[in-house]
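# Structure at a glance
One letter stands for each residue in the lines below.
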Amino acid sequence: MALFQILINNQKYEVDVEANKPLLWVLRDELSLTGTKYGCGIGQCGACTVHLNGTPIRSCGISISTLGDSKITTIEGLKSDNPILKAWEEINVPQCGYCQAGQIMSAVALLNNNENPNDKEIDVAMNGNICRCGTYYRMRKAIKTAVKK
Amino acid sequence: MIGRRDFIKTSTLATGGLFLGVNLSCKEKPLEQLGPGELHDFNAYLSIDTNGIVQIANPVPEIGQGVRTSLPMLVAEELSVDWKNIKVIQADAGMRYGGYDQRAAGSNSVRIYWKPMRLAGATARELLIMAAANVWEIPRENCFASGGFIHNKSDKRSLGYGALAEKAALLEVPQNVELKKPSDFKLIGKSVSNPDIKGILNGSAVFGQDVRIPNMSYASMEKSEVYGATVKTFDSSAALAIPGVQKVFKVAFHGDIERPFCREGVAVVGDSVWAVLKGRKALKIEWDLGVNIKESTESLHQNCENLVGRKGDSEVKNDGDVYKLLNTSSNKLEATYHLPFIAHVPMETVDCTIDLRDDSCEIWSTSQVPFADLNFLSRFFELPTEKITLHLTRIGGGFGRRLGPDYTIEAAKVAKEIKKPVQYFWTREDDIQFDAYRPFSYHKLMATWNDNGQLTSWLHRQAGTSRYAFRPNVEPYISEFFPNHFPANLTPNFRQEYSLAVSNINRSLIRAPGNNSLAFAVESFTDELAYANNSDPLEFRLNLLRDGNKEFPFDVEEGTVISTQRMKDVLQLAAEKAGWSKKLPNSSGMGIAGYFTFDSYVAHVAEVSVDRHNGILTVHRFTSAVDCGQVLNVDGVKAQTEGAIIDGLSASLFQEVTIFEGKTNENNFNNYMVLRMKDAPKAIDVHIVDNGYPPTGMGEPPYPPVAPALCNAIYAACGIRIRKLPIKNQLKTF
C-alpha cells in the first residue's frame, strides 16, 4: 500500500492503495465516485471512460501510480450546461443509462477537440464505447445537436 | 428528501393492493427549487406533497425499457397533473405493488398495469373533486380536474391538489370511478421526458453496483468454466495474503437450493472490488470437472443437423397432410436455418447487495422478477417476507439475464456465511461464461405451392436445446414453438415438429424468447418462397395473409388472437415509408420481415449494401412500423424499436457462444462482440400504427424481425442467402 495524491474534478484526494490499483476502482471503491462504471475490465467497452488531461481514457486499464499530477475529470465533474449534456437530454438518449457516463465522456472530449465532427470522426471517437441498449442512432443525433449549441 | 408524515390509510380498492390516503398544492416552481413538504399518500402508487409534487411509485424493475416513464404516465394522466410536477420513486417488491406482476418480462408491464394504475390516478382525482365540492358546497358535477387544480365550473375559482389532499384523504373511497376516454388523453399517446435523465447525465443514478451501505464488503466467486464441476481442493493462502481480502470459502449447492444453473465455487470476500478481483486470481483450485467436459457446439451442430433430417420426435401442430403434398407437388422448396447460443451481456454485470441481520434483511436487487427472488430469499433465510425489504435499484440492462435467480442465490449463500452487509457481483468474464444462453437450434422448412403461387403446405422441423428441457413434466417444444403463429391457419396443410437435442449447457430466456429464433427461420423462408415464386416479397406476404381481416386464436390460455389485418398493416406501412419499390444502386437491396410477439406487430424494412470483394456489409437504414395498440409514450416506443434493431444487428452479425470440452470459448467483449457506433445504421425511422386496440408492450416485439429483415435485404443486395447466424464472414466470397 502507498499514499497517492490525485486530482479529480479539480479536487485533491489522498488515497492509500496498492500502486497497481486501476483508477476505475480507486474512483468506485475508495472515493464512491460511482458515476464511472465497470463494464468489462479490459478496455473494450468504454463504460469506465474518464478524461486524463482532457483525453478520454479507459480508467479500468490505468494504474493510480501512473497518474502523477494529471488532471482527471469524471462524469461528476462535467458542468451541467455542457452542450453534450443538454443535447443528450433534448434527444432523450439513455435507455438503461449504464454506459452513458462513458459515452458522454467520449463525446465531450470529441467536441472539445473538434468543433464540428463529421460522421467518420464521430465513429472513430465513439467506437470504444458499447451501448447494449442500442442508443447509437440517438447519440449521433445528440452529438450533431450539441455542435449547433 | 420529502418527509413522510400524515400517512392516512382509508380503504382498499377492488383491484387489490391499492390503498388510499394523500396531500397538496401545485405551485409553478421547478422541482429542484422546492423544499421539503408534507406528504400524504392517496394509495400505494400515489402521494402528493405540500409543494404540489405528485410522487408516483413505479412497480416494475427499470432495465432500460422506460417503464419508469410509461407507468407513472398512467397515474398522471388520470390524476390530471402536469408531468413536470411528477417525481417517480421505485416501489419495493411486495404484494402491495402487484407481487409477481412486478416483473420486467414478457413485455407485460403496460398490459398488466394499464388499468390498475389509471384507476389509482382516477380514484385520487375523484377524491380531490369530492373534497373541492365539499369546500365550495356545490355538486360534484360542477367541478373538474386539470393541471393539478380542481376548478369550479360556475366561476373561476380553483383549488390546488395540495389544499384539498388532506380533506380528500378522509373521504370514503368511491367504488365506480370513471376512467378518461382516449379522446381526452393529454399525456398518453404523447412523448414525455425521462424522469431519471438528470441522474443518469450527472452520474448520480444508483445502479446495483453503485449501492453503498455502511460496513459493506464486496464478494465474488471463482467457478469452473465447466458446468457441474466440483471443487476437489483449494488453497486460499495466497488470496488471503492480498491486502483487503477478508474471507475465502467454498460455496456448494447440495440440494439446499432446488434451482438449476448455480455453479459450485470458491467465494472471495474483501473490502473492495479490487481486493476481491485480485483474491480470485490468487486462488488455487483443483476441480473435478465432471461429465460435461464432453459438451461441444460442434457435436450439437452434427446432432441437430441429423435430427432435422428425419421426422421430429414431437408433433407440435398438424393440419391436413403435409407429407402427401411434399411427396406429390412439383413446386417445392426446402431450406435449413441455424441459430447459435447467444449470451445476454447486459452492460451492468449481475449483482445483489444484501444486509442480513438476525431477524430481518434488506436487499438491493437488480432482478427482473424481484418478487420471485423475495420469496426465495424468505425461504432460504428462514425469514417471513414481511421481515425482508427488497429494494430495486436502477438496472444496467436486462434482456432476460436477470430472470434467472442464480446470482441472487449465490449472493444469499455468501451473505449467510459472512453475516455482514455484502455486495455480490459477477465480472464480465463470469457474465459470458456462466450465462444461461438462448437455446441452440436448427430449423428445416419445407413448403409446396400451386400453380397460382398459393402456399399449399408448410412443414417446420426444429431441433434444438429447448430451455424447457430442464423442467419436469413439460414438453420441451412448448418454449420453442408457437403453434398458431403465421403461416399457421393460412395454409390447409401445416405441420410443426420438434426434436430435443440433449445438452447440459445452461440456457434460458432472451428478449422475445423462442420468437427470436422462429422469426429468423420463418421470415427468411417466406422470403425464399417469394423469390421461388418470382414474387415480390411484400406482395407474397400480403397474398399469404389474404384479403380482409381474419383473427385466429393465438394463446388459448390468455385469450389472445393474431390478426391478419394488423400484420398486413405493419408490413404495408413499413414498405410504404421505406420506399419499397424504389430503384436502388447496384449491390444495394431492401428486405422486409414482419412478426407478432406478445400481442404487438412489428415490421422492419432493412436497406443495405454489400461490397462483395471485401465482404463488407453496410446497413444504411431501418424503416419500422409498429402496432402496439394504444401507445403510451411515443418516444419510448421509438427508443425500444431503435434499441431492438441494434440488438438484432449485433446478434445477426457477430454473436455466437461456442463450447469446447464443456467450456465457453468466449469470455469478454473482445471475442463476444456487440455492435458499435460505426456499424449502426445512420437512419432508423419508426412509424406507429394508430388503431385504438388495447396497449401492448414494446420491449421485445421489435427484436425478432430484425435478423430476417437484414438477411432478406442482404439477399436482395447480393444474392447471398444467409441461413446460419451469425453472418460473420459469410459475405466474403471472392
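Criteria and thresholds
Residues numbered from 1 in each chain as written. Chains lettered and ligands numbered in written order. Predicted model: local features only at pLDDT ≥ 70, side-chain atom pairs only at ≥ 80, totals over all residues. Heavy atoms only, no water. Helix = DSSP H or I, 4+ residues; strand = E, 2+ residues; numbered from the N terminus. Rg over C-alpha atoms; globule rule 2.2 N^0.38 Å. Buried < 20%, exposed > 50% of the residue type's maximum accessible area, 1.4 Å probe, protein only. Contact = heavy atoms within 4.5 Å. Areas by Shrake-Rupley, 256 points an atom, 1.4 Å probe, with all protein chains shown as cover. Buried area = accessible area lost by both parts, 1.4 Å probe. Salt bridge = Lys/Arg side-chain N within 4 Å of Asp/Glu carboxyl O. Polar contact = N/O pair within 3.5 Å; in protein donor to acceptor, adjacent residues only side chain to side chain. Pairing = 2+ DSSP bridges. Axes fitted to C-alpha atoms, helices over the stretch in contact; angles between N-to-C directions. Phe/Tyr/Trp six-rings, centres within 6.5 Å; stacked < 30°, edge-to-face > 60°. Lys NZ or Arg CZ within 6 Å of the ring centre and 35° of its normal. Core = buried A, V, L, I, M, F, W, Y, C linked by side-chain atoms within 4.5 Å. Parallel < 35°, antiparallel > 145°, perpendicular 65-115°, else oblique. Left-handed = near helix turned anticlockwise from the far one by under 90°.

Glancing now at the overall build of chain B. Assigned secondary structure in chain B consists of 16 helices and 29 strands. Against the 2.2 N^0.38 benchmark of 27 Å for 734 residues, chain B shows a C-alpha radius of gyration of 28 Å, consistent with a compact globule. Overall size of chain B, expressed as C-alpha extent along the three principal axes, is 85 × 70 × 45 Å. The 734 residues of chain B split such that 64% are buried. Partitioning the intrachain contacts of chain B with sequence separation of at least 6 by distance along the chain shows that 75% fall at a separation of at least 24. When the accessible surface of chain B is totalled, it reaches about 27200 Å², and 49% of it is carbon and sulfur.

Our focus in this paragraph is the interface of chain B and chain A. Taken residue by residue, the interface counts 58 residues in chain B and 49 residues in chain A. With both sides pooled, the region where chain B packs onto chain A buries about 4800 Å², and carbon together with sulfur makes up 56% of that total. Joining chain B to chain A, the criterion identifies 7 salt bridges. Residues K198(B) and E89(A) are paired through a salt bridge, measuring 3.0 Å at the closest nitrogen-oxygen approach. Where chain B touches chain A, the interface holds 28 residue pairs in polar contact (both at pLDDT 80 or more). Contributions of two or more residues to the side of chain B that touches chain A are made by α4 (197-202), α6 (273-282), α11 (428-433), α15 (634-653) and β29 (683-688) of chain B.

Residue and element names in this part refer to chain B. Sheet architecture is open: 3 strands sit in the order β5-β6-β7, paired in antiparallel fashion. Of all strands in the sheet, those with a lone pairing partner are β5 (143-146) and β7 (158-160), marking the two edges. Here the average twist between neighbouring strands, direction ignored, is 25 degrees. Relative to β7, strand β6 (residues 149-152) runs antiparallel, the two being bridged by 3 bridges. Counted as the bridge partner of I150 is L159 from β7. Helix α2 (residues 109-136) contacts β5, β6 and β7 of the sheet and is inclined by roughly 45 degrees relative to β6. Each of β5, β6 and β7 touches helix α3 (residues 161-169); the most contacted strand, β7, lies at about 75 degrees to it.

Residue and element names in this part refer to chain B. Following the criterion strictly, the structure yields 21 aromatic pairs over all chains and no others. Plain terms: the ring middles of Y337 and F520 are 5.8 Å apart, the flat faces sit at 85 degrees to each other, and that makes the pair edge-to-face. Remark: F520 occurs in helix α12 (residues 515-532) and Y337 occurs in strand β14 (residues 332-339); sequence separation between them is 183 residues. Accessibility expressed as a relative area gives 0% for Y337, which makes it buried. On the basis of an interplanar angle of 70 degrees and a centroid distance of 4.7 Å, the ring pair of Y531 and Y715 is categorised as edge-to-face. Placement of the pair is Y531 in helix α12 and Y715 in helix α16 (residues 706-718), with a sequence separation of 184 residues. The class for Y531 is partly exposed, based on a relative accessible area of 30%. Here the aromatic residues Y337, W458, F520 and F525 are joined through ring pairs into a cluster of three or more. Here the guanidinium or amino end of K416 rests over the ring plane of F380, the centre of that ring lying 4.2 Å away. We note R721 situated over the ring of Y715; from NZ or CZ to the ring centre the distance is 4.3 Å.

Attention now moves to the pattern of salt bridges. Summed over the entire model, instances satisfying the criterion amount to 51 salt bridges over all chains. Of the charged contacts, one joins D29(A) and K21(A) as a salt bridge, the two residues approaching to 3.2 Å between their closest N and O atoms. Judged by relative accessible area, K21(A) falls into the buried class, the value being 3%. Measuring nitrogen to oxygen at the nearest pair gives 3.3 Å for the salt bridge that ties D679(B) to K678(B). With relative accessibility at 26%, the residue D679(B) sits in the partly exposed group. Put simply, E523(B), D527(B), E528(B), R541(B), R721(B) and R723(B) are held in one network by salt bridges that share partners.

Turning next to the nonpolar core. Counting residues in each nonpolar core, the largest one holds 170 residues, and the members touching the most others are W88(A) and I714(B). Ranked by residue count, the leading element in this core is α16(B), at 9 residues. Those residues in contact with I714(B) that lie beyond four places of it in its chain are V608(B), V610(B), L617(B), G719(B), I720(B), I722(B), I727(B) and L731(B). One finds I48(B), A120(B), L128(B) and F185(B) within the second-largest nonpolar core, a separate group that totals 50 residues.

With that settled, consider the packing of helix α3 (residues 100-113) of chain A against helix α5 (residues 136-148) of chain A. Residues and elements named next belong to chain A. Direction vectors running N to C along α3 and α5 enclose 40 degrees, while the axes themselves pass 11 Å from each other. Relative to α5, α3 is oriented oblique. Handedness of the crossing formed by α3 with α5: right-handed. Facing Q100, Q103, A107, L110 and L111 of α3, the residues of α5 in contact are M139, I143, A146 and V147.

This next bit is on unusual backbone geometry. The omega torsion across F486(B) and P487(B) is 10 degrees, close enough to zero to call that bond cis. Tracing the chain through its elements places P487(B) in the loop between β20 (455-464) and β21 (493-500). Across the junction of L725(B) and P726(B), the peptide omega takes the value 0 degrees, indicating a cis bond. With respect to the helices and strands, the residue P726(B) is situated in the segment after α16. Even without being glycine, N10(A) reaches a positive phi, approximately 65 degrees. Along the chain, N10(A) falls in the loop between β1 (2-8) and β2 (11-17). A residue is classified by how much of its surface remains accessible, and N10(A), at 60% relative accessible area, is exposed. For S80(B), which is not glycine, the phi torsion reads 60 degrees and is therefore positive.

Here we come to the side chain of E348(B). Locating E348(B) in the fold gives a position in the loop between β14 and β15 (351-356). A relative accessible area of 0% means that E348(B) is categorised as buried. One polar contact links the side chain of E348(B) to the main-chain amide nitrogen of G396(B), over a distance of 2.8 Å. Look past the residues within four positions of E348(B) in its chain and what remains in contact with it is Y98(A), F207(B), G208(B), Q209(B), T366(B), R394(B), I395(B), G396(B), R402(B) and R428(B).

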